[in-house]
Amino acid sequence: MYTILIADDETEIVELLQLYLEKEYNILEAHSGTQALQLMQSNHIDLAILDIMMPGMDGLQLLKRIRETHFFPVLFLSAKSQYHDKILGLELGADDYIAKPFNPLEIVARVGALLRRVNHFDAPPAEEKKQNERIELGSLVLDRSECVLYRSGEKVTLTSTEYKILELLMEQPGRVFTRKKIYEAVWEDFYVYEDNSIMVHISNIRDKIERDSKKPEYLKTIRGLGYKFEAPVEN
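Residues numbered from 1 in each chain as written. Predicted model: local features only at pLDDT ≥ 70, side-chain atom pairs only at ≥ 80, totals over all residues. Heavy atoms only, no water.

Draft legend 1. Inspection of the sheet that holds strand S10 (residues 177–178) at higher detail. Across the sheet, which stays open at both edges, the three strands sit in the order S10-S12-S11 with antiparallel pairing between neighbours. Lying at the two open borders of the sheet, with one neighbouring strand each, are S10 and strand S11 (219–222). One ladder, built from four bridges, connects S11 with strand S12 (residues 226–229); its direction is antiparallel. Bridge assignment links isoleucine 222 to a residue of S12, and that residue is glycine 226. (Pairing = 2+ DSSP bridges. Helix = DSSP H or I, 4+ residues; strand = E, 2+ residues; numbered from the N terminus.)

Draft legend 2. View of helix H1 (residues 11–21). Here H1 has its buried residues at Ile13, Val14, Leu17 and Leu21. Around the axis of H1, the buried residues are gathered within 95° of arc, so they sit on the same side. Turned more than 90 degrees from where H1 packs its buried face, Glu12, Glu15 and Leu19 sit exposed. (Buried < 20%, exposed > 50% of the residue type's maximum accessible area, 1.4 Å probe, protein only. Arc of directions from axis to C-beta.)

Draft legend 3. The arrangement of a nonpolar patch on the surface in detail. Among the surface-exposed residues, Leu19, Tyr20 and Leu105 lie close enough to one another that they form a single nonpolar patch of about 320 Å² accessible area. Within the fold, tyrosine 20 resides in helix H1. (Patch = residues over 30% accessible without salt bridge, like charges linked within 9 Å, V, L, I, M, F, W, Y side chains within 5 Å. Areas by Shrake-Rupley, 256 points an atom, 1.4 Å probe, with all protein chains shown as cover. Salt bridge = Lys/Arg side-chain N within 4 Å of Asp/Glu carboxyl O.)

Draft legend 4. Layout of the sheet that holds strand S5 (residues 96–99). In space, the five strands of this open sheet follow the order S2-S1-S3-S4-S5, with parallel pairing throughout. On the outer flanks of this sheet lie strand S2 (26–30) and S5, each paired with one strand and no other. Each adjacent strand pair in this sheet contributes to an overall mean axis angle of 15°, direction not counted. Here four bridges tie strand S4 (residues 74–78) to S5, and the two strands are oriented parallel to one another. Within S5, the position partnered with leucine 75 by the bridge is aspartate 96. Packed on one face of the sheet, H1 meets strand S1 (3–7), S2, strand S3 (47–50) and S4 and runs near 175° to S2. Helix H3 (residues 59–69) contacts S3 and S4 of the sheet and is inclined by roughly 175° relative to S4. (Axes fitted to C-alpha atoms, helices over the stretch in contact; angles between N-to-C directions. Contact = heavy atoms within 4.5 Å.)

Draft legend 5. Highlighting the pattern of salt bridges. For the structure on display, the rule yields 17 salt bridges. Here glutamate 167 makes a salt bridge to lysine 164, at a shortest N to O gap of 3.4 Å. With glutamate 167 and lysine 164 both in helix H6 (residues 160–171) and three residues apart, the pair spans about one turn of that helix. Taken individually, glutamate 167 and lysine 164 each receive the classification buried, so the pair is uniform in this respect. Measuring nitrogen to oxygen at the nearest pair gives 3.2 Å for the salt bridge that ties lysine 180 to glutamate 184. Taken as a pair, lysine 180 and glutamate 184 lie in helix H7 (residues 179–186) at a separation of four residues, close to a single helical turn. Exposure remark for lysine 180: the relative accessible area of 42% places this residue in the partly exposed category. Here glutamate 184 falls in the partly exposed class, since its relative accessible area comes to 27%. Salt bridges here are not isolated pairs; linked through shared partners, they connect Asp8, Glu10, Asp51 and Lys100.

Draft legend 6. The arrangement of the packing of aromatic side chains in detail. With the rule as written, the count across this model stands at three aromatic pairs. Seen in terms of ring centroids, tyrosine 183 and tryptophan 187 are 4.9 Å apart; in terms of plane orientation they differ by 5°. Their pairing is stacked. What makes tyrosine 183 buried here is its relative accessible area of 8%. (Phe/Tyr/Trp six-rings, centres within 6.5 Å; stacked < 30°, edge-to-face > 60°.)

In structure tokens:
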């Protein structure tokens, strides 16, 4: 059974989420960032749901500490719904973001989608994919058997979301993927509204793989359409 850490200083929120999630998951609850960090250090966590505004250590500070050593999915749940808060959370390594007030059933669906994605991320490749375990484009090598990206022989640290986006785009270099296609393939959910989550993840990927993220050679934006991946032409 997966273990989910819920960290929110509003007791009612924690109790509501626990009510909806405890039938399928083992729940650990915290009411401050500091308490959440202590639980993380002494327990195996498969996914975390974090509030931003918490006493002791806020959710953004906690996420920084988490990403120092752990790569399990993190879902932000906060009344702070402004875009700059969402962007900052995603840039720090969050996988998803839902603003309060929320529908508990949506939380259940998002948690399930995140865990399915990370389970696929950690799973060994299918037999039929073994002949295509490595995708090599320019100086980048995506090793599917290890779920690892190498750039010029150096391992690149990716979140599960970043890995899935890269795998999707690198599988079919030159093909243009719309935001809708990327979202539905990676998040395994219907794309119902326009936001900037994908744009932020793409920006983070470029920071990790491009020589100059402002002049990308690999991950190209096709204005008005979406994104495509291509190997740079060697001089």
